[in-house]
Amino acid sequence: LYEIGAIDKQTMREFDEACLTPIKPLTPKQIKAIREREHVSQTVFANYLNVTSSLVSKWERGEKRPSGASLKLLSLVDKNGLAAVA
């Protein structure tokens, strides 16, 4: 629509932003629930997210909290399943 002049650049930015997957902090229980819902081990889950299985374990125990790209990937998996990041 922007390319044909139907909407302006500002409206296009707002539309693009509205389409983004929201990022929210996840609790250790939520992270474990996402992984279990996908029926994968911590090692397989870690491989999909490009992190170590030790880190996934620490997230699930609450020793560390995901942030940045890892949190974004977890949000995508939560919303769309592992196929979204495969």
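Residues numbered from 1 in each chain as written. Predicted model: local features only at pLDDT ≥ 70, side-chain atom pairs only at ≥ 80, totals over all residues. Heavy atoms only, no water.

**Let's talk about helix H4 (residues 53-61)**
Condition: Whether a residue is buried, partly exposed or exposed follows from its accessible area with a 1.4 Å probe, protein chains only, as a fraction of its type maximum: under 20%, in between, or over 50%, in that order. Only DSSP runs of H or I reaching four residues or more are called helices, and only runs of E reaching two or more are called strands; each is numbered from the N terminus. What the arc describes is the spread of directions from the helix axis to the C-beta atoms. Contacts: residue pairs with any heavy atoms within 4.5 Å of one another.
Buried within H4 are the following residues: Val-56, Ser-57, Trp-59 and Glu-60. Mapping the buried residues of H4 onto a view down its axis gives an arc of 160 degrees, with all of them on the same face. For H4, the elements touching its buried residues are helix H2 (28-37), helix H3 (42-49) and helix H5 (68-80). Once H4 ends, the next one or two residues include Gly-62, with phi positive near 85 degrees.

**Regarding the packing of H2 against H4**
We apply this condition: To obtain an axis, a line is fitted to C-alpha atoms, over the contacting stretch when the element is a helix, and the angle between two such axes runs from 0 to 180 degrees between their N-to-C directions. Any angle between 65 and 115 degrees counts as roughly perpendicular, while under 35 counts as roughly parallel, over 145 as roughly antiparallel, and the rest as oblique. Just so you know the grouping, Ala, Val, Leu, Ile, Met, Phe, Trp, Tyr, Cys and Pro go in nonpolar, Asp, Glu, Lys and Arg go in charged, and all remaining residues, Gly too, go in polar.
Closest axis-to-axis distance for the H2/H4 pair is 6 Å, and the angle between their directions is 130 degrees. Compared by their axis directions, H2 and H4 come out oblique. Along the contact surface, H2 presents Pro-28, Ile-31, Lys-32 and Arg-35, while H4 presents Val-56, Trp-59, Glu-60 and Arg-61. A per-class count over the contact of H2 with H4 returns four nonpolar, no polar and four charged.

**Some remarks on the side chain of Ser-75**
If you trace the backbone, Ser-75 turns up in helix H5. Ser-75 gets classed as buried once you look at its relative accessible area, which sits at 7%. Each residue touching Ser-75, except ones within four places of it in the same chain, is listed here: Thr-21, Pro-22, Ile-23 and Lys-24.

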